[in-house]
Amino acid sequence: MDVAVEEHISHIRSGLTSQLPDRDPEETAEWIESFDDLVETQGTERAQYIVRSLLQRAGAKSVGVPMVTTTDYVNTIPVDQEPEFPGDEQIERRYRAFMRWNAAVMVHRGQRPGVGVGGHISTYAGAATLYEVGFNHFFRGKEHSGGGDQVFFQGHASPGMYARAFLEGRLSEEDLDGFRQEKSREGHALPSYPHPHSLPDFWEFPTVSMGIGPMNAIYQAQSNRYLQNRGIKDTSDQQVWAFLGDGEMDEPESRGLLQLAANEKLDNLTFVVNCNLQRLDGPVRGNGKIMQELEAFFRGAGWNVIKVVWGREWDALLDKDEDNSLVDIMNQTPDGDYQTYKAENGAFVREHFFGKSPQTKEMVADLTDEQIWNLKRGGHDYHKVYAAYKAATEFKGKPTVILTKTVKGYGLGPHFEARNATHQMKKMTLEDLKAFRDHLRIPITDEQLEADPYMPPYYRPEQDSAEYKYMMERRNELGGSVPSRRNKSKEIHLPEDKAYETASRGSGKQQAATTMAFVRLLKDLMRDKEFGKRVVPIVPDESRTFGMDAFFPTAKIYNPAGQNYLSVDRELVLAYKESPAGQLIHPGINEAGAVAAFTAAGTSYSTHDEPLIPIYVFYSMFGFQRTGDAFWAAGDQMTRGFIMGATAGRTTLTGEGLQHADGHSPILASTNPAVITYDPAYGYEIGHIVKAGLERMYGGKHEDPNVMYYITIYNEPYQQPKEPEDLDVPGILGGIYQVSPATIDGPRAQLLASGVAVPWTIEAQRMLAEDWGVSADVWSVTSWNELRRDGLACEEQSFLDPTAEPRIPFVAQQLAGATGPIVAVSDYMKAVPDQIRQFVPNEFATLGADGFGFSDTREAARRFFKIDAHSVVVRTLQMLAKRGEVDASAPAAAFAKYKLDDVTAEATAIAGADA
């Protein structure tokens, strides 16, 4: 072999001996002969034990042996250890052919004139065996006595799941013809991919945003164990399966969380990676070997690895491979060549693969080109796939990944199989259809296909057929249809009013940040005997920052292994404490993992019929900006829970600097239809919002409970007032209420503020009255986002029903009679308050913190952004002067008086103490 090629492929083999000289080849040959005899006489299982014993002894004797990160490019499970296939392979093969036909035809029919909605034919065609072995022998439905499995289906393979549901009678032909036409064929429509929000009684897990599926599957497996260890539900007989693409494994999320599954010994989790060697535009590793790369990566991460490379037709050839000539060629051939072989023919494979050595060329001399062409890859062999699945489900102590080799577009004909463009190919020619029909032996005539090549018929056997009966018997025995989703869950007890008393009390003479007000509320909610156990606090790695270390000694941190070390802070009252029954999920510095944990807990009401209330607390800057895609998937999965954006705002954490200063999360949150956003200023506001959120999500009466509440909380301490007796609770929940009415008569103005800006706006109200004789009302805007949504809904209603009496937006209703210009201010960019500008008749000005944040004092930062109390005063005077309601010189006089252009000018006492 060429030296350059040898160097290039060295990383795809273990290379155990390549770095050492063989000083006695004759002795080496004797050892190898002895080992071969051991395998021959006592089998591979005994040989495995002997080799492992020798490796262990070598380590004890300080004989350096490199870690074997990759094995040869052959099946992990030896032939003599393969279990007997328990099903009727022939009958399973028959109805698998029906599914493959219907899946392809559904996508093809979706390209008919006037529709052309796209779709993917080739992924399921290549992965059908992987799924059908699971459906027939492993995937347990929700009616199974063990509780059922959770299966994360590869997004692009969704046509195959629809095709099976069609054979089972769950979907009709009209439903299949509604593929990707969710509105135009409403009532008989199927979403493109696994979208629970679009098909809520069918799909459970959204997976087509690649990388989200593997991440969520890991945390789903953890969540199952969490339920078990905390005594909420027995999940010991439930498996989590994730079907993934080899190209998808390049996503950071796909690989970045593998260590959690290994560390927690999640042997209830199996990844099945469909290694068809192709991503969406070409080979995954044209010059390398993706299966070998993934084997090394997963093995290094602590996973059990099973490779399914070759079908049973290769067994005899490998058995004859005495000198490893065939295995050497298998090891050396890069993926780009393997892809090319399946796009050619048997003669090409004979010449370019087996022809690489005289030994392998002779090995296939008696085989015809057709027989060579029919040497299957492992992912298309029922026996090999079954053996891998069985081994995976029986393996204890580690999660398992099955790397299975397939051909993308398998069986679709030469225009599709293994072609670079196959992912984008949506329809088949008449000749393709006929060839595919013949390959699958579908009882459909040429005349039926020729009648309308755009609309080839589906095929479904009669219910008294052997295929249908067998298929349904298998599913009934395994606990019903998969996928399926539970829409309703058990009712739970919600906290009584006394749980919210602390929030309504205020902080008295002390100062307290809204983060601390929330943590106190959370502690009271967790103390509720019936409700408290269902709360799942999730914090990446800042519990002490948020004052949540108080939960360590009581609720404890979840760790299935417990705490097997002597804690350095064990003598402290708030000592770090881990426990298998711990309540607090602590993913480490890992926001993506925290959102995955949030999603698993927030959908437990459906997945397990055991409602959990996840409360994810995090640095607000590292929420929607960093993990927006995961929150979008959480919305698709209809997750319920609270997302607490702590240390919120652009100027409350300015010592941390630019990448910690959040001035835009509410805008990012507004793009997610499932997120209800609030920016409260006081603890009592938080209490009412949390109570309303729990009632909506878990009370069982709201028409749309599948939402997530995003609540910003701040690290800036200030006096928390006691809840007023005449509090406008509907105003808090609707998004705006008057928090401080004007105390004097004079030119009128309206000051609107949210979150931490409310106290400094109340200070501006005082300054306007005392220094300039201006009468200003202050309004706490608890949600700019929800006010906008309500306003847009009013406009939409009027647009769609012009004859109806127009509904007045809530913000306009609340401000009715409130005269004078509006100055809106927050600790966010101007776009946040500007969301409501069009819905109020008053003149409107916005103050906001646009641009990057920076490190400085709160006072200096607010003066720089012109959002402090002095800036509110000056902006109000400018608007009143323009109306002629105050002296024209007042704005300039105020600007000079307060030195508004000087960030070092003396500040008011409004900025709170250190966090």
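Our subject in this report is the structure included herewith.

**Some points on the overall build of the protein chain**
Part 1 of the reasoning: Looking only at helices and strands, the protein chain features 34 helices and 19 strands.
Part 2 of the reasoning: Expected size for 915 residues packed as a compact globule is a radius of gyration near 29 Å; at 33 Å, the protein chain falls within 12% of this value.
Part 3 of the reasoning: Along the first, second and third principal axes, the C-alpha set of the protein chain runs to 105 × 75 × 55 Å.
Part 4 of the reasoning: Going through the 915 residues of the protein chain one by one, you find that 57% of them count as buried.
Part 5 of the reasoning: Partitioning the contacts of the protein chain with sequence separation of at least 6, the portion at a separation of at least 24 is 78%.
Part 6 of the reasoning: When the accessible area of the protein chain is evaluated, it comes to approximately 37900 Å², of which 50% is carbon and sulfur surface.
Part 7 of the reasoning: Taking the 93 positively charged and 128 negatively charged side chains of the protein chain as two groups, their mean positions are separated by 3 Å.

**Quick look at the packing of aromatic side chains**
Part 1 of the reasoning: The full count for this structure, using the stated rule, is 55 aromatic pairs.
Part 2 of the reasoning: With a centroid separation of 6.1 Å and 85° between ring planes, the pair formed by Trp 314 and Phe 353 is classed as edge-to-face. In this pair, Trp 314 sits in the loop between β4 (304-308) and α11 (315-319) while Phe 353 sits in the loop between α14 (346-352) and α15 (358-363), placing the two residues 39 residues apart along the sequence. Judged on exposure class, the residue Trp 314 and its partner Phe 353 are both buried.
Part 3 of the reasoning: Between Trp 314 and Phe 354, the ring centres sit 5.8 Å apart and the planes meet at 20°, which makes this aromatic pair stacked. Taken together, the positions of Trp 314 in the loop between β4 and α11 and Phe 354 in the loop between α14 and α15 put the pair 40 residues apart, joining distant regions of the chain.
Part 4 of the reasoning: You can call Trp 314 buried: its relative accessible area is 5%.
Part 5 of the reasoning: Here the basic side chain of Arg 180 rests over the ring of Tyr 193, its NZ or CZ set 5.3 Å away from the ring centre.

**With respect to helix α34 (residues 890-897)**
An α-helical segment advances 3.6 residues per turn. Residues three or four places apart therefore align on the same side.
Part 1 of the reasoning: Residues of α34 that are buried: Ala 890, Pro 891 and Ala 894. All buried residues of α34 project into a common sector of 100° when viewed along the axis, lining one side. Among the exposed residues of α34, those pointing more than 90 degrees away from its buried face are Ala 892 and Ala 896.
Part 2 of the reasoning: In the core, the buried residues of α34 are packed alongside α29 (757-772) and α33 (869-882).
Part 3 of the reasoning: Positioned one or two residues after α34, Lys 899 has a phi angle of 50°, which is positive.

**Details of the environment of Glu 370**
Part 1 of the reasoning: As for its placement among the helices and strands, Glu 370 is situated in helix α16 (residues 369-373).
Part 2 of the reasoning: Classification of Glu 370 as exposed rests on a relative accessible area of 59%.

**Some remarks on the sheet that holds strand β5 (residues 400-405)**
Part 1 of the reasoning: As summarised here, the arrangement of the five strands in space is β1-β2-β3-β5-β4, forming an open sheet in which the pairing is parallel. Edge positions in the sheet fall to β1 (150-152) and β4, since each of these pairs with one other strand and no more. If you compare each strand with its neighbour and ignore which way they point, the axes differ by 15° on average.
Part 2 of the reasoning: Across three bridges, the pairing between β1 and strand β2 (residues 240-245) is parallel. Counterpart to Val 151 in the pairing with β2 is Trp 241.
Part 3 of the reasoning: Relative to β4, helix α10 (residues 290-300) is tilted by about 165°, and along the sheet it contacts β3 (269-275), β4 and β5.

**A word on the pattern of salt bridges**
Part 1 of the reasoning: Enumeration according to the criterion identifies 47 salt bridges in this entry.
Part 2 of the reasoning: The partner of Glu 295 in a salt bridge is Lys 307, and the shortest N-O contact between them spans 3.0 Å. In this pair, Glu 295 sits in helix α10 while Lys 307 sits in strand β4, placing the two residues 12 residues apart along the sequence.
Part 3 of the reasoning: What makes Glu 295 buried here is its relative accessible area of 1%.
Part 4 of the reasoning: One salt bridge in this structure joins Asp 704 and Arg 696, with 3.5 Å as the shortest N-O distance.
Part 5 of the reasoning: Connected through salt bridges with shared partners, the residues Glu 89, Arg 93, Arg 312 and Asp 381 form a single ionic network.

**Topic: the nonpolar core**
Part 1 of the reasoning: Phe 518, Phe 642, Val 690 and Leu 752 are the most contacted members of the largest nonpolar core, which has 102 residues in total.
Part 2 of the reasoning: With eight residues, the top contributor of residues to this core is α33.
Part 3 of the reasoning: The residues touching Leu 752, leaving out its near neighbours within four places in the chain, are Ile 736, Trp 779, Val 781, Trp 784, Leu 815, Ile 822, Val 823, Ala 824, Val 825 and Ile 836.
Part 4 of the reasoning: Residues Ile 290, Val 349, Ala 594 and Ala 596 belong to the second largest nonpolar core, which totals 76 residues.

**Some details on helix α13 (residues 335-342)**
Part 1 of the reasoning: Here α13 lies mainly inside the structure; six of its eight residues are buried.
Part 2 of the reasoning: Considered for burial, the residues of α13 that qualify are Asp 335, Gly 336, Tyr 338, Gln 339, Tyr 341 and Lys 342.
Part 3 of the reasoning: Packed against the buried residues of α13 are α10, α12 (325-332), α14, α16 and β5.

Criteria and thresholds
- Residues numbered from 1 in each chain as written.
- Predicted model: local features only at pLDDT ≥ 70, side-chain atom pairs only at ≥ 80, totals over all residues.
- Heavy atoms only, no water.
- Helix = DSSP H or I, 4+ residues; strand = E, 2+ residues; numbered from the N terminus.
- Rg over C-alpha atoms; globule rule 2.2 N^0.38 Å.
- Buried < 20%, exposed > 50% of the residue type's maximum accessible area, 1.4 Å probe, protein only.
- Contact = heavy atoms within 4.5 Å.
- Areas by Shrake-Rupley, 256 points an atom, 1.4 Å probe, with all protein chains shown as cover.
- Lys, Arg positive; Asp, Glu negative; His and termini not counted.
- Charge placed at Lys NZ, Arg CZ, Asp CG, Glu CD.
- Phe/Tyr/Trp six-rings, centres within 6.5 Å; stacked < 30°, edge-to-face > 60°.
- Lys NZ or Arg CZ within 6 Å of the ring centre and 35° of its normal.
- Arc of directions from axis to C-beta.
- Pairing = 2+ DSSP bridges.
- Axes fitted to C-alpha atoms, helices over the stretch in contact; angles between N-to-C directions.
- Salt bridge = Lys/Arg side-chain N within 4 Å of Asp/Glu carboxyl O.
- Core = buried A, V, L, I, M, F, W, Y, C linked by side-chain atoms within 4.5 Å.

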